[in-house]
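Each chain is listed here by its residues.
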Amino acid sequence: MAKPKTQFVCQNCGTVHSRWAGKCEGCGEWNTIVEEDPMGGIGSGPGKVPKKGRAVTLTALSGETEEAPRIHTGISELDRATGGGFVRGSAVLIGGDPGIGKSTLLMQAAAALSRGGHRIIYVSGEEAVAQVRLRAQRLGAADTEVLLAAETNVEDILATVSEGKRPDLVIIDSIQTLWSDTADSAPGTVTQVRTGVQAMIRFAKQTGAAMVLVGHVTKDGQIAGPRVVEHMVDAVLYFEGDRGHHYRILRTVKNRFGPTDEIGVFEMSDKGLREVTNPSELFLGERNAKSPGAAVFAGMEGTRPVLVEVQALVAATSLGTPRRAVVGWDSSRLAMILAVLEAHCGVRLGQHDVYLNVAGGYRISEPAADMAIASALVSSLAGIALPADHVFFGEISLSGAVRPVSQTAQRLKEAEKLGFSGAMLPATSAELPKGSSARWTMIEDLPDLVSRIAGSVKKLGKQEEDD
Ligand code: TYD
Ligand code: MG
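If you're wondering where the values come from, they're calculated on a predicted model, not measured in any experiment. (Residues numbered from 1 in each chain as written. Chains lettered and ligands numbered in written order. Predicted model: local features only at pLDDT ≥ 70, side-chain atom pairs only at ≥ 80, totals over all residues. Heavy atoms only, no water.)

Further remarks concern the overall build of the chain. A tally of regular secondary structure across the chain gives 12 helices and 23 strands. Expressed along its principal axes, the backbone C-alpha trace of the chain runs to roughly 80 × 55 × 50 Å. By residue count, 49% of the 467 residues in the chain fall in the buried class. Of the accessible surface of the chain, which amounts to about 22200 Å², a share of 51% is contributed by carbon and sulfur atoms. (Helix = DSSP H or I, 4+ residues; strand = E, 2+ residues; numbered from the N terminus. Buried < 20%, exposed > 50% of the residue type's maximum accessible area, 1.4 Å probe, protein only. Areas by Shrake-Rupley, 256 points an atom, 1.4 Å probe, with all protein chains shown as cover.)

The structure is reproduced here in structure tokens:
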């Protein structure tokens, strides 16, 4: 039989090409295609005799099911993000930028679990034993019974964790360093990572140990190389944060055993990660309520309300094409709001630079933030500060209408709890909390919002012409 030709695999999306190219046709990334052995140790292809299948018992959808058996870490923000703790026999991928604190988080989790009497194995492929020990000392975890190994070979790791009593949790830090004898390609390639992860998942399913896999992400936010890994594991969590800020967010993007919209919030200190149980206080911490262009958005992260300040700066431009710079929000959503403001409210920003920032390095993904953003923009343009004791939320449609958003009551309750006494919200909102002394300003549409903030819409248009 002819030797199979080598293949070229994109390290970003896993697309297979027959020859090398600078750009991957699958995902459009440049310089991501690497030559790999097609057999890749996956154990298929020519040379193997197909084995006859064994029939499995078919079963009905109804019937007794048990709750997934979980291991609680006792770190409530971590348990919240995983949906109540690590599930036995499952594999979790924790992704994040290098240096964001993944190893720190997992060492703290390992220490907490070990104190709870669990058998924890921490396999470090990136750092030597001495380095991991140093970190453990700093975190006050050195006195726990976490078992440590510095190893990158898949077969050796499997032999190690299979020995002795079954571990409750195995941490592999990181999957990019894994390499297997059965795959011929270089460590870090799609084939190697996939083979390694597959072996780890198989171990978890067979033994019932929980498996935590650490993966680095590239600058555009994907787990470096193989997105394929995301499909293989049971849960994917991203550890995010801004280097300039101390807090970190653990965000669930996939979870076969729990909700996917929960976040855990931590703060990085000199003694490791500290839980932040009330994130709103953190994001509103350094607020200057009197300046124009700042609006507090009452957002939701899963079941938890999060209040965060959005800041806009609208300034006359000196460039031919005005600048639009956005941090923490979607720039095409900003373009949409600017267009709606212009089309329905006569607020023209074509001669203005627009800068938008979400305070504290936080990222907003909810369309419910539209109203807060529009308010901040109008406030900055008009030079009029928004009422400091108000929160804003509501989705804006292309027609200029303001649409209601979900969980109105929770948003308002959180705002009241943090001392806000008013809110601007969609007129059609249902489920307003009863018996509250706060002032709810019901906004019909975008022109209504603009005139409430800037007095009259005409004034804004005029200011525009004067510039
Ligand atoms: P680390 O967990 O090594 O990141 P990752 O595994 O995601 O690459 O964390 C590295 C950063 O965290 C490093 O810049 C130092 C900082 N750090 C603290 O600020 N306090 C601490 O107690 C620890 C252990 C780390
Ligand atoms: Mg690390």
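A few words now on the packing of helix 8 (residues 331-345) against helix 11 (residues 446-454). Contact geometry of helix 8 with helix 11 gives a least axis separation of 9 Å together with a crossing angle of 85°. If you check the angle between helix 8 and helix 11, you find them roughly perpendicular. Between helix 8 and helix 11, the contacting residues are Val 340, Leu 341, His 344 and Cys 345 on the first element and Leu 446, Pro 447 and Val 450 on the second. Grouping the amino acids of the contact of helix 8 with helix 11 by side-chain chemistry returns six nonpolar, one polar and no charged. (Axes fitted to C-alpha atoms, helices over the stretch in contact; angles between N-to-C directions. Parallel < 35°, antiparallel > 145°, perpendicular 65-115°, else oblique. Contact = heavy atoms within 4.5 Å. Nonpolar A, V, L, I, M, F, W, Y, C, P; charged D, E, K, R; others polar.)

This next bit is on the sheet that holds strand 17 (residues 324-327). Spatially, the seven strands line up as an open sheet ordered 17-18-16-15-19-22-23, and their pairing is mixed. Looking along the sheet, the strands with just one partner apiece sit at the ends: strand 17 and strand 23 (439-443). Pairwise comparison of adjacent strand axes, ignoring direction, gives a mean angle of 25° for this sheet. Inspection of the sheet shows strand 15 (residues 294-301) paired to strand 16 (residues 304-316) by eight bridges, in the antiparallel sense. Bridged to Met 300 within strand 16 is Pro 305. Most of the contacts of helix 11 go to strand 23, to which it runs at about 130°, and overall it touches strand 22 (422-426) and strand 23. (Pairing = 2+ DSSP bridges.)

With that out of the way, let us pick up the sheet that holds strand 10 (residues 210-216). Ordered in space as 8-7-9-10-6-11-12-13-14, the nine strands form an open sheet in which the pairing is mixed. Both edges of this open sheet fall to strand 8 (147-150) and strand 14 (272-275), since each of them pairs with a single strand only. Averaged over all adjacent pairs, the angle separating strand axes in this sheet is 25°, with direction ignored. Bridge count between strand 6 (residues 91-96) and strand 10: six bridges; the pairing is parallel. If you follow Leu 93 over to strand 10, its bridge partner there is Leu 213. Of the strands in this sheet, strand 7 (120-124) and strand 8 touch helix 3 (residues 129-138), which is tilted by about 145° from strand 8. In the packing of helix 5 (residues 190-207) onto the sheet, contacts are made with strand 6, strand 9 (169-173) and strand 10, and the angle to strand 10 comes to roughly 160°.

Across the nine residues of strand 12 (residues 247-255), seven count as buried, placing the element largely inside the fold. As judged from the seven bridges shared by strand 11 (residues 235-241) and strand 12, these two strands associate in the antiparallel manner. Within strand 12, the residue paired with Glu 240 across the bridge is Ile 249. Between strand 11 and strand 12, which pair antiparallel one after the other, the connecting turn spans five residues. The sheet contact formed by strand 12 and strand 13 (residues 263-269) spans five bridges and is antiparallel.

Neighbouring residues of ligand 1: 16 residues in total, closest Gly 99, Ser 103, Thr 104, Ser 269 and Gly 272. Interatomic distance of 2.6 Å between a side-chain N/O atom of Ser 103 and an oxygen atom of ligand 1. Here Gly 272 contributes a backbone N or O atom positioned 2.7 Å from an oxygen atom of ligand 1. Here ligand 1 loses 75% of its free accessible area of 560 Å² to cover by the protein chains. Broken down by secondary-structure element, the contributors of at least two residues to the shell around ligand 1 are helix 2 (102-115), helix 3 and strand 13. Considering every element that reaches the shell around ligand 1, the biggest residue donor is helix 2, with three residues. (Near = heavy atom within 4 Å. Polar contact = N/O pair within 3.5 Å; in protein donor to acceptor, adjacent residues only side chain to side chain.)

Counting 61 residues, the largest nonpolar core has Trp 329, Leu 341, Tyr 362, Ile 364, Ile 373 and Leu 377 as its most contacted members. Tallying contributions element by element places helix 9 (residues 370-382) first for this core, with nine residues. Lining this core are residues from two domains, each supplying at least three of them: domain 2 (70-277) and domain 3 (281-464). What Leu 341 contacts, discounting residues up to four positions off in sequence, is Gly 346, Val 347, Leu 349, Leu 377, Val 378, Leu 446 and Val 450. (Core = buried A, V, L, I, M, F, W, Y, C linked by side-chain atoms within 4.5 Å. Domains from an automatic or database assignment.)

What follows deals with the side chain of Glu 262. When you line up the elements, Glu 262 lands in the loop between strand 12 and strand 13. The class of Glu 262 is buried, set by a relative accessible area of 7%. Within polar-contact distance, the side chain of Glu 262 engages the side chain of Thr 303 at 2.7 Å. The residues touching Glu 262, leaving out its near neighbours within four places in the chain, are Arg 80, Ala 81, Leu 250, Arg 251, Thr 252, Glu 301, Gly 302 and Thr 303.

Right, let's talk about the UniProt feature "binding site: ATP" (unreviewed entry) in the chain for a bit. Mapped onto this numbering, the UniProt entry gives "binding site: ATP" (unreviewed entry) at Gly 96, Asp 97, Pro 98, Gly 99, Ile 100, Gly 101, Lys 102 and Ser 103. Tracing the backbone shows Ile 100 in the loop between strand 6 and helix 2. When residues no more than four places from it in sequence are discounted, the contact partners of Ile 100 are Phe 239, Glu 240, Gly 241, Arg 248 and Met 268. By relative accessible area, Ser 103 is classed as buried at 12%. (UniProt positions renumbered as here; feature names shortened; annotations may be inferred.)

With that settled, consider helix 2. In this model helix 2 runs 20 Å from its N-terminal to its C-terminal C-alpha over 14 residues, within 8% of the 20 Å that 1.5 Å per residue would give. Of all 14 residues in helix 2, 12 are buried, a share of seventy percent or more. Among all positions of helix 2, only Lys 102, Ser 103, Thr 104, Leu 105, Leu 106, Met 107, Gln 108, Ala 109, Ala 110, Ala 111, Leu 113 and Ser 114 are buried. (Expected span 1.5 Å × (residues − 1).)

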